[in-house]
Amino acid sequence: MKLLVTGGAGFIGSAVVRLAVSRGHDVVNLDALTYAACLDNVASVASSPLYTFEQVDICDMPALEAAFAKHQPDAVMHLAAESHVDRSIDGPGAFIETNVIGTYNMLQAARGYWEGNGKPESFRFHHISTDEVFGSLGAKGQFTEETPYDPRSPYSASKASSDHLVRAWAETYGLPVVLTNCSNNYGPFHFPEKLVPVVILNALHGKPIPIYGKGENVRDWLYVEDHADALLLVLQDGMLNRSYNIGGENELSNLELVQMICTILDKLRPANKPYADQIKFVTDRPGHDMRYAIDPSRIREELGWRPSVTVEQGLEKTVRWYLDNEAWWKPLLDRSGVGERLGKA
Ligand SMILES: NC(=O)c1ccc[n+]([C@@H]2O[C@H](COP(=O)([O-])OP(=O)(O)OC[C@H]3O[C@@H](n4cnc5c(N)ncnc54)[C@H](O)[C@@H]3O)[C@@H](O)[C@H]2O)c1
């Protein structure tokens, strides 16, 4: 297939690009290269004849239309987004621009291209979204595909809006779509201001390891390469106009997650005291959702997908990767806002 992947220089998009090229797909990586992007994430495929890069902002409609006309994709995987909840608290405008208006532009450009080509049934617009659109769970229960939307942060509200637009374009114009809503990802090439890399890098630098509130917030963690695998499966075998929840079946409180990373570091890079001694509880994020948990029955039963690693295995791979790839993360620490406490509101 020829895939147009948006946001392919980011964390998850680059994992999709690397996996898709390794499986023989033609990939056009369309990315504006915002602060969150890093083309080194796709360096391993950059010289492949299957890979092309286009620096395009999804808010630029003429540039999008030109990219569709030039590359004639069989499918779109739309990952480009502003993705950091804390940044959405400080500056929600960029989230409305990219996640809402940008997705609207993507849908219109895809629709124009699809209609202009005789509405091929095989075309797919795969919209990649988050479990955060479902809001916050109490101690029990899991999000299914039928859970009502209840977003509570500017980030999750902007993603929820984009999901609604995608469903509307399927119902109204017949655009062939699939949607996925995934839990928290972690793994190699994770931008250094997100929780897992912050823990690893602050630990290594002897800095306090910040945990919001009491560290009781629970997330369902998924290794990024398992997510990329699930996304390609849904694109190829998922039912038309259907959504799939993707989760790791690995629920952990933030405190448990951080302690697990510290224990792995104690083993791989022993210091003169346990890394967990650096843990520092800090003022909570405003509107911090208490618990997310995914019921992955649909993707498991319909498509036979399961994560390939447990969170213990995935975190160990991730910590090893950060220890071995200082040349990747070091320059990123100098980017705007990285290392600062964002989103205190
Ligand atoms: N990170 C997670 O845990 C997680 C979980 C579920 C779903 N998601 C979703 O997956 C997608 C990717 O997330 P991520 O963590 O890789 O994000 P990321 O912030 O690492 O990467 C986003 C990429 O999109 C690009 N981008 C941003 N604005 C753009 C614009 N206007 N035009 C073109 N490109 C633009 C950036 O340059 C960057 O390369 C997002 O849609 C996000 O909502 C993320």
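This write-up is about the structure you can find in this document. A quick note: this is a predicted structure, and the numbers were derived from the prediction, not measured.

## Describing the overall build of the chain
Move 1: A count of helical and extended segments in the chain gives eleven helices and 13 strands.
Move 2: On C-alpha atoms alone, the chain measures out to a radius of gyration of 19 Å, which is about the 20 Å that the 2.2 N^0.38 rule sets for 345 residues.
Move 3: For the C-alpha atoms alone, the extent of the chain along its principal axes is close to 65 × 45 × 40 Å.
Move 4: Considering the chain as a whole, with its 345 residues, one finds that 57% of them fall into the buried category.

## Concerning the nonpolar core
Move 1: Ranked by size, the top nonpolar core spans 35 residues in total, and within it Tyr 186, Val 196, Ile 261, Leu 315 and Trp 328 carry the most contacts.
Move 2: Taken together, the elements giving at least two residues each to this core come down to helix H6 (195–204), strand E8 (209–212), helix H8 (254–268), helix H10 (311–324) and helix H11 (326–332).
Move 3: At seven residues, the largest contribution of residues to this core is made by H8.
Move 4: With residues up to four places along the chain from it excluded, the contact list for Leu 315 reads Tyr 186, Val 196, Leu 257, Met 260, Ile 261 and Ile 264.
Move 5: Within the second largest apolar cluster, 34 residues are counted, among which are Ile 12, Val 17, Met 77 and Leu 231.

## Observations regarding the environment of Val 177
Move 1: Among the secondary structure elements, Val 177 is positioned in strand E6 (residues 177–182).
Move 2: We classify Val 177 as buried; its relative accessible area is 1%.
Move 3: A C-alpha to C-alpha distance of 25 Å links Val 177 and His 84, two positions 93 residues apart in sequence.
Move 4: Those residues in contact with Val 177, other than ones at most four positions away along the chain, are Phe 125, Val 166, Ala 170, Leu 240, Asn 241 and Arg 242.

## Some points on helix H5 (residues 154–173)
Move 1: Spanning 20 residues, H5 covers 28 Å between terminal C-alpha atoms, matching the ideal 28 Å at 1.5 Å per step.
Move 2: Among the residues of H5, those classed as buried are Tyr 155, Ser 156, Ser 158, Lys 159, Ala 160, Ser 162, Asp 163, Val 166, Trp 169 and Ala 170.
Move 3: For H5, the secondary structure elements touched by its buried residues are helix H3 (85–90), helix H4 (93–116), strand E5 (124–130) and E6.
Move 4: Of the residues trailing H5, Gly 174 is marked for its positive phi of about 80°.

## Side note on the environment of Asn 185
Move 1: Inspection of the secondary structure assignment puts Asn 185 in strand E7 (residues 185–186).
Move 2: What makes Asn 185 buried here is its relative accessible area of 7%.
Move 3: A sequence separation of 94 residues divides Asn 185 from Gly 91, and the C-alpha atoms of the two residues are 23 Å apart.
Move 4: Leaving out residues up to four positions away in the same chain, Asn 185 has contacts with Phe 11, Ile 12, His 190, Trp 221, Leu 222, Val 224 and His 227.
Move 5: Polar contacts involving the side chain of Asn 185 include one to the side chain of His 227, which spans 2.7 Å.

## Here's the deal with the site of the ligand
Move 1: In the vicinity of the ligand there are 28 residues, among which Ile 12, Asp 31, Ser 83, Tyr 155 and Lys 159 approach most closely.
Move 2: Residue Phe 11 places a main-chain N or O atom 3.0 Å away from an oxygen atom belonging to the ligand.
Move 3: At a separation of 2.9 Å, a nitrogen atom of the ligand approaches a polar side-chain atom of Asp 57.
Move 4: Protein chains bury 95% of the 840 Å² of accessible surface belonging to the ligand in isolation.
Move 5: Listing elements by their share of the shell around the ligand, those giving two or more residues are helix H1 (11–22), E5 and H5.
Move 6: The leading source of residues in the shell around the ligand is E5, at three residues.

## A short note on the pattern of salt bridges
Move 1: Per the stated rule, a full pass over the model turns up 14 salt bridges.
Move 2: Note that Asp 289 is salt-bridged to Arg 152, the shortest N-O span being 2.5 Å. Taken together, the residues span a long stretch of sequence, with Asp 289 in the loop between strand E13 (279–282) and helix H9 (297–303) and Arg 152 in the loop between E5 and H5 at a distance of 137 residues.
Move 3: The exposure class of Asp 289 is buried, given its relative accessible area of 4%.
Move 4: Assessed through its relative accessible area of 43%, Arg 152 is described here as partly exposed.
Move 5: Through salt bridges with shared partners, one network takes in Glu 249, Arg 300 and Arg 306.

Reading guide: rules and limits
- Residues numbered from 1 in each chain as written.
- Predicted model: local features only at pLDDT ≥ 70, side-chain atom pairs only at ≥ 80, totals over all residues.
- Heavy atoms only, no water.
- Helix = DSSP H or I, 4+ residues; strand = E, 2+ residues; numbered from the N terminus.
- Rg over C-alpha atoms; globule rule 2.2 N^0.38 Å.
- Buried < 20%, exposed > 50% of the residue type's maximum accessible area, 1.4 Å probe, protein only.
- Core = buried A, V, L, I, M, F, W, Y, C linked by side-chain atoms within 4.5 Å.
- Contact = heavy atoms within 4.5 Å.
- Expected span 1.5 Å × (residues − 1).
- Polar contact = N/O pair within 3.5 Å; in protein donor to acceptor, adjacent residues only side chain to side chain.
- Near = heavy atom within 4 Å.
- Areas by Shrake-Rupley, 256 points an atom, 1.4 Å probe, with all protein chains shown as cover.
- Salt bridge = Lys/Arg side-chain N within 4 Å of Asp/Glu carboxyl O.

Just distances and angles here, no functional claims.
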